[in-house]
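# Notes for the structure review
Residue-level listing of the chains:
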Amino acid sequence: MAALIAQSPILIIAIPLAAAFLTLPIGMASKKARNALVIVSLTFVVFLVFALARDISINGIHVYTLGATSPDLTIPKGFMVPVRIILEVDGMSMLMAIIWSIVSLAAAIYSLSHIANETGQNRFYTLLLLMVTGGFGMMFTGDLFNLFVFLEIASISGAALIAFRTRFADTQEGGFKYIVVSAIASLMVLFAIGLLYSQYNLLNIGALAQVIQYTTLDKIALALLLIAFTMKAGMVPLHLWFPDAYSVAPASITGMLVITSHACMYAAFRVCFTLYGGMLDAPVVGWILIVFGILSMFVGVTMAIFQKDVMRFMSYHAISQLGYMWIGVGVGLAVLGNADLVATYGRDAISGGVFHILNHAMYKPLLFFTGGALFHCTGTRDLTKMGGLAHKLKWTTVLYIIGTLSISGIPPLNGFSSKILIYESVYQFHPILTITGIIVSILTLASFTKAFHSAFMGAELPEYKKVKEVPRSMIIAMVILAAGIVFITLFPSLIVNWTIHPAADALIDQGPYINAVTGAIP
Amino acid sequence: MEHIPLNFPFLAAALLVGISFYIIIFKKNLIKLIMGIAMMASGVNLFLVALGYRAGGNAPIYTDVPEGPMVLPVPQALTLTSIVINVAVLALMLTIVIHIYRHTGSLDSEKSRKMKG
């Protein structure tokens, strides 16, 4: 078991990668064997992630050096700097990995019946598992160039999955927009990596953080990295591609794409907090995140009110919810240099933002899955053409209600516990942030109620007389996420102590992350 | 290399990236947009390769190395990886454009655009 945990960072990345290329030969022989392979490999990854999470909560940061004789040998003999590829897992990457493993398992289960009538299913699962690999790689890597490589793996497979149903014209348009945005963003990341390498001859995040000077070139690199990652995460001035791409993908993939947005957000946090850390001009960058975060919240929710397409409507809400995380963590970043303010409210603000990532990763895929269930039953995404579906879709209705209450922050659901943490801490920084947050929350509830009314309420429509409840695997996937919501609702303090505070502390203090690589005495 | 100023490759890389940004933002044809992205990738790759040049160092590709120091081949390795990745991205983009053309019969990004708002 100890050996398994020591090797688990690379296994978590390698197992989906190996399974991805096994799906094609196995799928040609038997469909059931292929489905079993996908589910079993992802379940095993969930198990490994939780085992690793337990180990990290006891022993601290976990380092894995590829190609070394022992995993913790970060600097080879005869070298002053780390030259090997290093995977580094701390509290923040662990939280993201927990989210990603659960959502990807739910998405795979959901896909079993959601794409049952499509052609080329073997390739669908290959791409899905590649996307899982890319996501885990982004979360675990301690190396800037590997971040770029895994970002590209996740983007290419994501774009191919968006455009997977080639018979619709809009999927092709959405997929094209996604791949163009991803290509530009990742080239900007690569350019920034070149700028950093030209000055310090290093690629490892921990080793770079030790020597970084914050020169003019470093500022340009920071700007390029932040623009690229916020563009891929869908922050407001750069969000125009977001609803187009997310609303046309198969619903299971949309749920996963939301988490890749979170992974890009994680990369932005990693760059701000760990790479630049103490050298950063923290108030300026913090305020930039806060201002654009508020814009995201407001623009997202106001655009959502007018949408008739159910998936598009939820995509705009995703933009708006991402804004809460930007302001929570942005406030923490703005006060980073001041230890007193960090202790009074900075740590709580970061915890709130990070907690909201966890909660959003549970209810937003759930809502997208219910949207996909509506599409599955009615064949349309237009809310005005639906009605009275609560009579037939009992499970979907209940799960939609859970998701709606959670996203609107109704007490005591989990959305409320993270929002109240953000509201209370951010209020001490600037009251207007809390007021905007509450208004956006009310607008969210209003628009979700409207959508609920037009899709589920009212008399049974004649054209939907023959509609049946969605297949069992889709319900199981939705129930997994709803169970996550209920668990966080019941034990918020347990979750905060076990995962959220370690994640927030990992962001605030860059020291352990650097020491784990360079081996200095803490 | 004596006759070329040392920062000449960096200027060329900046020029390539600048032109490609102009193409990506202002051109309506989807194929031209893809060419713009390919140009941007070339610009970034040129930048990386230019970083790897050290005056007086040996390129790390010989089996029979002459006397003197050898450069660390990291930028070259980065460039190779990035070229391979960009081939995949461009191939996927062209595939999707073929499908867009089948559906809409046009390569104009204004005409083939269905989703608004």
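Scroll up to find the structure.
Description of the structure in this document. (Residues numbered from 1 in each chain as written. Chains lettered and ligands numbered in written order. Predicted model: local features only at pLDDT ≥ 70, side-chain atom pairs only at ≥ 80, totals over all residues.)

### Digging into the overall build of chain A
The helix and strand tally for chain A stands at 19 helices and two strands. Computed over C-alpha atoms, the radius of gyration of chain A comes to 22 Å, within 12% of the 24 Å expected from 2.2 N^0.38 for 522 residues, which places it in the range of a compact globule. Of all 522 residues assigned to chain A, the portion counted as buried reaches 62%. Taking as baseline every contact in chain A between residues at least 6 positions apart, the subset at least 24 positions apart corresponds to 79%. (Helix = DSSP H or I, 4+ residues; strand = E, 2+ residues; numbered from the N terminus. Rg over C-alpha atoms; globule rule 2.2 N^0.38 Å. Buried ≥ 20, exposed ≤ 12 C-beta atoms within 10 Å, placed from the backbone. Contact = placed C-beta atoms within 7 Å.)

### As for helix 8 (residues 216–233) of chain A
Residues three or four positions apart in an α-helix share a direction because the helix packs 3.6 residues into each turn. Residue and element names in this part refer to chain A. Between its terminal C-alpha atoms helix 8 stretches 26 Å, which fits the 26 Å expected from 18 residues at 1.5 Å a residue. Among the residues making up helix 8, those that are buried are D218, A221, L222, L224, L225, L226, A228, F229, T230, M231, K232 and A233. G234 sits one or two positions beyond helix 8 and adopts a positive phi of about 85°. (Expected span 1.5 Å × (residues − 1).)

### Quick notes on unusual backbone geometry
All names here are of chain A. Going from P411 to P412, the amide bond is cis rather than trans, its omega being 5°. Mapped onto the secondary structure, P412 falls in the loop between helix 14 (394–407) and helix 15 (414–429). Phi is positive for N201, close to 55°, though the residue is something other than glycine. Here N201 lies in the loop between helix 6 (169–200) and helix 7 (205–211). Since 15 C-beta atoms lie within 10 Å of it, N201 is described here as partly exposed. Even without a glycine there, the phi angle at Y214 is positive, about 65°. Structurally, the position occupied by Y214 is in the loop between helix 7 and helix 8. Of the residues examined, Y214 has 13 C-beta atoms within 10 Å and is grouped as partly exposed.

### Let's talk about helix 19 (residues 511–518) of chain A
Residues and elements named next belong to chain A. Buried residues of helix 19: Y513, I514, A516 and V517, and no others. Down the axis of helix 19, the smallest arc covering the buried residues is 160°, so these residues share one side. The secondary structure elements touched by the buried residues of helix 19 are strand 1 (62–65), strand 2 (86–89), helix 7 and helix 10 (251–276). Remark: G519 follows helix 19 within two positions and exhibits a positive phi of approximately 75°. (Arc of directions from axis to C-beta.)

### Some details on the packing of helix 3 (residues 91–114) of chain A against helix 10 of chain A
Residues and elements named next belong to chain A. One can describe the packing of helix 3 onto helix 10 by two numbers: an axis separation of 8 Å at closest approach and a directional angle of 165°. What the angle tells us is that helix 3 and helix 10 run roughly antiparallel. The way helix 3 lies across helix 10 gives a crossing that is left-handed. The residues of helix 10 that touch helix 3, namely those facing M92, M96, I99, W100, V103, S104, A107, Y110, S111 and H114, are A251, S252, G255, M256, I259, H262, A263 and Y266. When the residues that make up the contact of helix 3 with helix 10 are grouped by side-chain class, the tally is twelve nonpolar, six polar and no charged. (Axes fitted to C-alpha atoms, helices over the stretch in contact; angles between N-to-C directions. Parallel < 35°, antiparallel > 145°, perpendicular 65-115°, else oblique. Left-handed = near helix turned anticlockwise from the far one by under 90°. Nonpolar A, V, L, I, M, F, W, Y, C, P; charged D, E, K, R; others polar.)

### With respect to the interface of chain B and chain A
Each side of the interface is counted separately: chain B has 27 residues, and chain A has 25 residues. Contributing elements (two or more residues each) for the side of chain B that touches chain A: helix 2 (30–51) and helix 3 (74–104) of chain B. Sort the elements by how many residues they give to the side of chain B that touches chain A and helix 3 of chain B lands first, with 14 residues.

### Examining the pairing of strand 1 of chain A
Residue and element names in this part refer to chain A. Neither face of strand 1 is open: one carries H62 and Y64, the other V63 and T65, and all of them are buried. Looking at chain direction, strand 1 and strand 2 are connected through four bridges and run antiparallel. Paired with H62 across the two strands is V89, which belongs to strand 2. (Pairing = 2+ DSSP bridges.)

### Concerning the environment of T344 of chain A
Of note, T344 of chain A is situated in helix 13 (residues 339–378). C-alpha separation for the pair T344 of chain A and S425 of chain A, spaced 81 residues apart in sequence, amounts to 8.3 Å.

### Description of the packing of helix 1 (residues 2–29) of chain A against helix 2 (residues 31–59) of chain A
All names here are of chain A. Their axes nearest at 9 Å, the elements helix 1 and helix 2 cross at an angle of 175°. Compared by their axis directions, helix 1 and helix 2 come out roughly antiparallel. Looking at side-chain class alone, the contact of helix 1 with helix 2 contains 19 nonpolar, four polar and three charged residues.

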